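Fold and contact review
Chain residues, written in single-letter form:
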Amino acid sequence: MLKEKNLYAVGIIAEYNPFHNGHAYHIRKAKELANAEYAVVVMSGDFVQRGSPAIYDKYTRTAMALSCGADLVLEIPSIFASSSAEDFASCAVALLNGLGAVDSLCFGSESGDMEKLSAIATILANEPAIYSEELRIQLKKGATFPEARNSALVTSGAVREEDASILASPNNILGIEYLKAIYRQDASLIPLTIARNGSDYHDPLLTPDRFCSATGLRKALKESDQLSCEETIFDYVPEPVKLKILESKPLYYDDFNLLLNAALLRLSMEGIPFQDFADVSDELAARITKQLPDYHTFEEKINQLKTRQYTYTRISRALLHILLGTTNQLTAAGRQAGYAPYARILGFKKTSVPLMGEIKKRGSIPLIAKTAGAKTGFTGAAAAMLRHDFYSSHIYQTVLQAKYDIKVKNEFTQSVVIL
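Residues numbered from 1 in each chain as written. Predicted model: local features only at pLDDT ≥ 70, side-chain atom pairs only at ≥ 80, totals over all residues. Heavy atoms only, no water.

Points about the overall build of the chain
Each helix and strand in the chain was counted, giving 19 helices and 8 strands. For 419 residues, the compact-globule estimate of 2.2 N^0.38 gives 22 Å, and the C-alpha radius of gyration of the chain, at 21 Å, lies within 12% of that figure. Along the longest, intermediate and shortest principal axes, the C-alpha atoms of the chain span 60 × 55 × 50 Å. Burial status across the chain gives 55% buried among its 419 residues. Of the contacts made within the chain by residues no fewer than 6 positions apart, 75% connect residues no fewer than 24 positions apart. (Helix = DSSP H or I, 4+ residues; strand = E, 2+ residues; numbered from the N terminus. Rg over C-alpha atoms; globule rule 2.2 N^0.38 Å. Buried < 20%, exposed > 50% of the residue type's maximum accessible area, 1.4 Å probe, protein only. Contact = heavy atoms within 4.5 Å.)

What to know about unusual backbone geometry
The residue after Asn17, namely Pro18, is reached through a cis peptide bond having omega 0°. Summarising the element assignment, Pro18 is placed in the loop between β1 (9–14) and α1 (21–34). Even without being a glycine, Glu127 presents a positive backbone phi close to 45°. Structurally, Glu127 can be placed in the loop between α5 (114–126) and α6 (129–140). A relative accessible area of 44% places Glu127 in the partly exposed class. Of note in the backbone geometry, Asp405 takes a positive phi value of approximately 55° without being a glycine.

Topic: the packing of helix α14 (residues 298–305) against helix α15 (residues 312–324)
Orientation of α14 relative to α15, taken along the N-to-C sense of each, is 130°, at an axis distance of 9 Å. Looking at the two axes, α14 sits oblique to α15. Our pair here, α14 against α15, has a crossing hand that is right-handed. Between α14 and α15, the contacting residues are Phe298, Glu299, Lys301, Ile302, Asn303 and Leu305 on the first element and Tyr312, Ile315, Ser316, Leu319, Leu320 and Leu323 on the second. For the contact of α14 with α15, the class distribution of residues is 8 nonpolar, 2 polar and 2 charged. (Axes fitted to C-alpha atoms, helices over the stretch in contact; angles between N-to-C directions. Parallel < 35°, antiparallel > 145°, perpendicular 65-115°, else oblique. Left-handed = near helix turned anticlockwise from the far one by under 90°. Nonpolar A, V, L, I, M, F, W, Y, C, P; charged D, E, K, R; others polar.)

Looking at the pattern of salt bridges
According to the stated counting rule, one finds 22 salt bridges in the structure shown. Members of the salt-bridge network, linked through shared partners, are Glu86, Glu127, Glu177, Lys180 and Arg184. (Salt bridge = Lys/Arg side-chain N within 4 Å of Asp/Glu carboxyl O.)

Digging into α5
Taking 1.5 Å per residue as the helical rise, α5 with its 13 residues ought to reach 18 Å, and the 18 Å between its terminal C-alpha atoms agrees with that figure. Within the sequence span of α5, burial applies to Leu117, Ser118, Ile120, Ala121, Ile123, Leu124 and Ala125. With a side-chain oxygen lying 3.1 Å from the backbone nitrogen of Glu115, the N-terminal cap of α5 falls on Asp113. (Expected span 1.5 Å × (residues − 1). Polar contact = N/O pair within 3.5 Å; in protein donor to acceptor, adjacent residues only side chain to side chain.)

As for the state of the cysteines
Overall, the coordinates contain 0 disulfides when judged by the stated rule. Looking at Cys91, it has no disulfide partner, and the nearest cysteine sulfur is the one in Cys106, 20 Å off. (Disulfide = S-S within 2.5 Å.)

Structural notes on the environment of Asp235
Along the polypeptide, Asp235 turns up in the loop between α10 (229–232) and α11 (239–247). Along the primary structure Asp235 and Cys212 are separated by 23 residues, whereas in three dimensions their C-alpha atoms are 9.7 Å apart.

Observations regarding the packing of aromatic side chains
Enumeration over the complete set of coordinates arrives at 11 aromatic pairs. Taking 5.1 Å as the distance between ring centres and 70° as the angle between the ring planes, the aromatic pair formed by Tyr8 and Tyr38 counts as edge-to-face. Residue Tyr8 is found in the segment before β1, and its partner Tyr38 is found in strand β2 (residues 38–43); the two are separated by 30 residues along the sequence. Of the two residues, Tyr8 and Tyr38, both sit in the buried class. Between Phe47 and Phe256, the aromatic rings sit 5.6 Å apart at their centres with planes inclined by 70°, giving edge-to-face as the arrangement. Of this pair, Phe47 sits in the loop between β2 and α2 (58–66) while Phe256 sits in the loop between α11 and α12 (257–270); the two residues are 209 residues apart in sequence, bridging distant segments of the chain. On the basis of relative accessibility, which here comes to 4%, the residue Phe47 falls in the buried class. Connected via pairs of aromatic rings, a cluster forms that spans Phe47, Phe256 and Tyr396. (Phe/Tyr/Trp six-rings, centres within 6.5 Å; stacked < 30°, edge-to-face > 60°.)

Here you go:
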């Protein structure tokens, strides 16, 4: 039997790209704040929300999380793991809520002010007339969407003008999207936030005596080799993660250059419009087509396509969707299916077995522990989403194997991580 507690399990939405001291702090504080025995993490798989490959594969990152306080790690379906902040948040919240045994969601934010974040999320979730009209006016004037949204929020009274910068911070934005999703889905998750403590989200520098950003760690890892990790990043990651980093092989954008260029050329030859894929507008499709004859690396393509209207991450996601075959039709079907029609286990601690038993009893979505059995157990949108999960990870595993000339387990031979 589960212990009777007001908050039994706390949910965390993460990427751990890669895992560092700030993440371990978040897990520990989330459990404390929620008075929870278990931390359930829903995590991006092999590709992340900014539209890039994860630096380490999902099973390695799962092991890192479990060794540093997480109790159960589930995979966010791939079509939404690399989607917009709104879709990413909607899927992650639906996944946690569908488990039935998670009582709260704890996220980090630069603000740390739940009242302000909630006020903005309420306006964005309900879109009152005064907000919608100001948004339309600003977009018509040529403002970018973030600029138009900020103006509309100030006009609607959701935020004071001096507080509008709250939407300029990445973790605030995601936190607001989590709150929006909770409101729109009427999810039974109590939202909690912890003020971000340390370097900014995009800070590329590693600063002593501060929690670093994952951006800074990725930069340091890319610029060093495995043997020099101890000198460059080991002060910023928990002890159990250090060995994993030494054992693991990283991947970066440009490891996918050939696959991306081949996908673009093949689609063009077959007459398949680029705008059939998620995040690709008619204008962006035309810009991609104009570039097509010339070979460019993944990051070169992003920078050449980037404009004031199309941000780096928007372009990155669009190109990744083309590479992975993430179509508008598939994402629309996924939304219609409730974003998360299943919960796929990446790993768990043996001590969390009672929690998984409760999820099986209380949950509204099936819990997938074994990939082999799942291949034939689903139909419709759920089956298509699951196939996309397998395909995306097989692409990642193929590139990993080719780059390092190593044998890599595929989705049908890899076991979930158990600690």
